[in-house]
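Structural description and commentary
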Amino acid sequence: MIQNLLYLILLLIGFPAGLLLARLCKDEIKKWRKRLMIISIICLIFAIAVSFVPITFFIYKFPVIITLLFIIITCLTIAWKGD
């Protein structure tokens, strides 16, 4: 139960991390906006692909999905706030 709470907290930390990175790197975001979207789409595809792998074959299935979702949240927050 605590492990799931920690995963949820990790996902929520993606928003402040994205806001901080967006504030620190405003000029780079203009060049990287499309790349951030591509990274988000690739991570979403990988998260969906990993979700179909059986747990007996890949023991770290859930942490990998959480990590990919963290990357998606952070990249989308950077692209959204980086004006």
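Residues numbered from 1 in each chain as written. Predicted model: local features only at pLDDT ≥ 70, side-chain atom pairs only at ≥ 80, totals over all residues. Heavy atoms only, no water.

1. Examining the packing of aromatic side chains
Defined as follows: Only rings of Phe, Tyr and Trp enter the pairing, Trp through its six-membered ring, and a pair is recorded when the two centres are within 6.5 Å. The plane angle decides the type: under 30 degrees is stacked, over 60 is edge-to-face, the rest tilted. Comment: elements are numbered from the N terminus, with helices defined as DSSP H or I runs of at least four residues and strands as E runs of at least two. Any Lys NZ or Arg CZ that is within 6 Å of a ring centre and within 35 degrees of that ring's normal is treated as a charge sitting over the ring.
Inspection of the entire model under this criterion finds one aromatic pair. Ring centres of Y7 and F62 lie 5.2 Å apart, and the angle between their planes is 70°; this geometry places the pair in the edge-to-face category. Taken together, the residues Y7 in helix α1 (residues 2-24) and F62 in helix α3 (residues 61-81) connect sequence positions 55 residues apart. Taking the ring centre of W32 as reference, the NZ or CZ of R35 above it sits at 4.7 Å. The ring centre of W80 lies 5.4 Å from the NZ or CZ of K81, which sits over that ring.

2. Quick look at the side chain of S40
Operational definition: The contact definition used throughout considers only heavy atoms, calling two residues in contact when any of these lie within 4.5 Å.
Following the sequence through the fold, S40 ends up in helix α2 (residues 26-51). In contact with S40, not counting residues within four places along its chain, are I72, C75 and L76.

3. Remarks on the nonpolar core
The condition is simple: Buried Ala, Val, Leu, Ile, Met, Phe, Trp, Tyr and Cys residues form a nonpolar core when they are joined through side-chain atoms within 4.5 Å. Throughout, exposure labels follow a simple rule: accessible area from a 1.4 Å probe, protein chains only, divided by the maximum for the residue type, with under 20% read as buried, over 50% as exposed, and the rest as partly exposed.
Counting six residues, the largest nonpolar core consists of A22, I29, L36, C75, I78 and A79. Where this core is concerned, the elements lending two or more residues are α2 and α3. Broken down by element, the residue count for this core peaks at three residues, all from α3. Beyond its immediate chain neighbours, meaning those up to four positions away, A79 contacts R33, L36 and M37.

4. Some points on the side chain of T74
Relative to the elements of secondary structure, T74 occurs in helix α3. Excluding residues that lie within four positions of it along the chain, T74 makes contacts with G14, G18 and L21.

5. Quick look at α1
For clarity, the cut-off: Expected helix span is taken as 1.5 Å per residue step, with the number of steps being one fewer than the number of residues.
Its 23 residues give α1 an end-to-end C-alpha distance of 33 Å, which sits within 8% of 33 Å, the value for a rise of 1.5 Å per residue. Turning to α1, its buried residues number three or more, namely Y7, L11, G14, G18 and A22. For α1, the elements touching its buried residues are α2 and α3.

6. Considerations on the environment of Q3
Note the cut-off: Polar contact criterion, stated in full: a pair of N or O atoms within 3.5 Å, where within protein one must be able to donate a hydrogen and the other to accept it, and residues adjacent in sequence count only if both atoms are side-chain atoms.
Within the secondary structure layout, Q3 lies in helix α1. Q3 sits 24 residues away from D27 along the chain, and the two C-alpha atoms are 37 Å apart. A polar contact of 2.9 Å, which involves the side chain of Q3, links it to the side chain of Y7.

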